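# Remarks on the overall topology
Here's the letter readout for the chains.
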Amino acid sequence: MKIVKQLFSFILPVTALIIIPILVERNFKPRYMFTTGPGLLLIFAGLILMALTISSFIKIGKGTLAPWSPTKKLVTKGLYAHVRNPMILGVLIILLGESIMFLSVNILAWAVIFFLINNIYFSVSEEPGLEKRFGDEYLNYKKNVPRWIPRLKPFLNR
């Protein structure tokens, strides 16, 4: 059952990174050799961010990235010591890589829309929910770690 929950949590990233880009961009052929390399590099970097985030959610937080199976512990280590939303940054980096690789204004527009939706969601729903679940621990974390732009020096939650 635990593995099913973890696999089920991939619905959100698959939708954001594959299904919606397929719906908004009809021509999925790299246009030029000079855009393929940088696009693939960004896609790879975003995938690494996502993998590290998912691993932290499972190992440290004892949950998944999906809202229906949240972490039981607040994750403030690893990438989360630098930025509050490394998973979303990974998705945005992949979408940027896709838009560069395919020279797609439509995928770039989707990336902007995705960012705006998530920014609203975090402000209105996720962060207030985390404040309720984790109290002062989350408030201290939120005060010290930026939502989108990573801090260079890691936050050490003591």
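Note: the structure precedes this text.
Below: a short report on this structure. On a predicted model such as this, the values are computed, not experimentally measured, just so you know. (Residues numbered from 1 in each chain as written. Predicted model: local features only at pLDDT ≥ 70, side-chain atom pairs only at ≥ 80, totals over all residues. Heavy atoms only, no water.)

Before going further, it helps to examine the nonpolar core. When a protein is soluble and globular, its nonpolar side chains tend to lie buried together. Ranked by size, the top nonpolar core spans 32 residues in total, and within it Val91, Leu95, Phe114 and Tyr141 carry the most contacts. Breaking this core down by element, the ones donating at least two residues are helix H2 (11–24), helix H3 (33–59), helix H4 (86–101) and helix H5 (105–144). Of the residues forming this core, the biggest block, nine residues, is contributed by H5. Look past the residues within four positions of Tyr141 in its chain and what remains in contact with it is Leu74, Val75, Thr76, Tyr80, Val83, Arg84 and Phe155. (Core = buried A, V, L, I, M, F, W, Y, C linked by side-chain atoms within 4.5 Å. Buried < 20%, exposed > 50% of the residue type's maximum accessible area, 1.4 Å probe, protein only. Helix = DSSP H or I, 4+ residues; strand = E, 2+ residues; numbered from the N terminus. Contact = heavy atoms within 4.5 Å.)

Each full turn of the α-helix corresponds to 3.6 residues, which orients residues three or four apart in the same direction. Taking 1.5 Å per residue as the helical rise, H4 with its 16 residues ought to reach 22 Å, and the 22 Å between its terminal C-alpha atoms agrees with that figure. Of all 16 residues making up H4, 13 are buried, and the element is well covered by its neighbours. Once H4 ends, the next one or two residues include Leu103, with phi positive near 45°. (Expected span 1.5 Å × (residues − 1).)

It is worth spelling out the pattern of salt bridges at this point. Scanning the entire structure with this criterion turns up four salt bridges. With a shortest N-O distance of 3.7 Å, Lys142 and Glu127 are connected by a salt bridge. Lys142 gets classed as partly exposed once you look at its relative accessible area, which sits at 27%. In this structure, Arg147 and Glu127 form a salt bridge, with 2.9 Å as the shortest nitrogen-oxygen distance. With Arg147 in the segment after H5 and Glu127 in helix H5, the pair connects residues that are 20 residues apart, well separated along the chain. Pair check on accessibility: Arg147 and Glu127 agree, each one buried. Through salt bridges that share partners, Arg84, Glu127, Glu131, Lys142 and Arg147 make up one connected network. (Salt bridge = Lys/Arg side-chain N within 4 Å of Asp/Glu carboxyl O.)

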